[in-house]
Amino acid sequence: MENKERYFKALIENQGQLNALDLGEKIQLDEKETREIITQLLSEHRIKYDKHSICNYRVINKRNRSY
């Protein structure tokens, strides 16, 4: 999914400065699509919920993943 990769790259570049929905809007995604992408990235363990961040989601560094 092209938009998922665009969103993921934007999330990396964002560094927690915008919330997740505003970030999606910035790259011209609607709220529903943004939420679907977030769900997919969470299920793929590419991001995780971080309640202490403005964005609420943080990219998981592949080197530090522990299962």
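Quick note: structure is the one above.
It should be emphasised that the depicted structure is a prediction, and the values quoted were computed from it without experimental measurement.

(A) Layout of the packing of aromatic side chains. Under the defined criterion, the tally for this structure stands at one aromatic pair. Between Tyr49 and Tyr57, the aromatic rings sit 5.8 Å apart at their centres with planes inclined by 75°, giving edge-to-face as the arrangement.

(B) Molecular detail of the nonpolar core. Among the nonpolar cores identified, the biggest contains 13 residues, and Tyr7, Leu11, Leu41 and Ile47 are the most heavily contacted of them. If you list the elements that add at least two residues to this core, you get helix 1 (2-14), helix 2 (20-26) and helix 3 (31-43). When residues in this core are grouped by element, the largest group, four residues, is from helix 1. Setting aside anything within four residues of it in sequence, one finds Tyr7 in contact with Ala20, Leu23, Gly24, Ile27, Leu29, Thr34, Ile37, Ile38 and Leu41.

(C) Just the pattern of salt bridges, in detail. All told, the structure shown has five salt bridges when counted by the stated rule. Two residues, Arg46 and Glu5, come together in a salt bridge whose shortest N-O distance is 2.9 Å. Separated by 41 residues along the polypeptide, Arg46 in the loop between helix 3 and strand 1 (47-49) and Glu5 in helix 1 bring together distant segments of the chain. Across the pair Glu31 and Arg35 runs a salt bridge, and its minimum N-O distance is 2.9 Å. Note that Glu31 and Arg35 are positioned in helix 3 at a spacing of four residues, about one turn of the helix. In this structure Arg35 comes out as partly exposed when scored by relative accessible area, which is 44%. Among the charged side chains, a network of salt bridges with common partners joins Lys4, Glu5, Glu44 and Arg46.

How each quantity is defined
- Residues numbered from 1 in each chain as written.
- Predicted model: local features only at pLDDT ≥ 70, side-chain atom pairs only at ≥ 80, totals over all residues.
- Heavy atoms only, no water.
- Phe/Tyr/Trp six-rings, centres within 6.5 Å; stacked < 30°, edge-to-face > 60°.
- Core = buried A, V, L, I, M, F, W, Y, C linked by side-chain atoms within 4.5 Å.
- Buried < 20%, exposed > 50% of the residue type's maximum accessible area, 1.4 Å probe, protein only.
- Helix = DSSP H or I, 4+ residues; strand = E, 2+ residues; numbered from the N terminus.
- Contact = heavy atoms within 4.5 Å.
- Salt bridge = Lys/Arg side-chain N within 4 Å of Asp/Glu carboxyl O.

Structural measurements only, silent on function.
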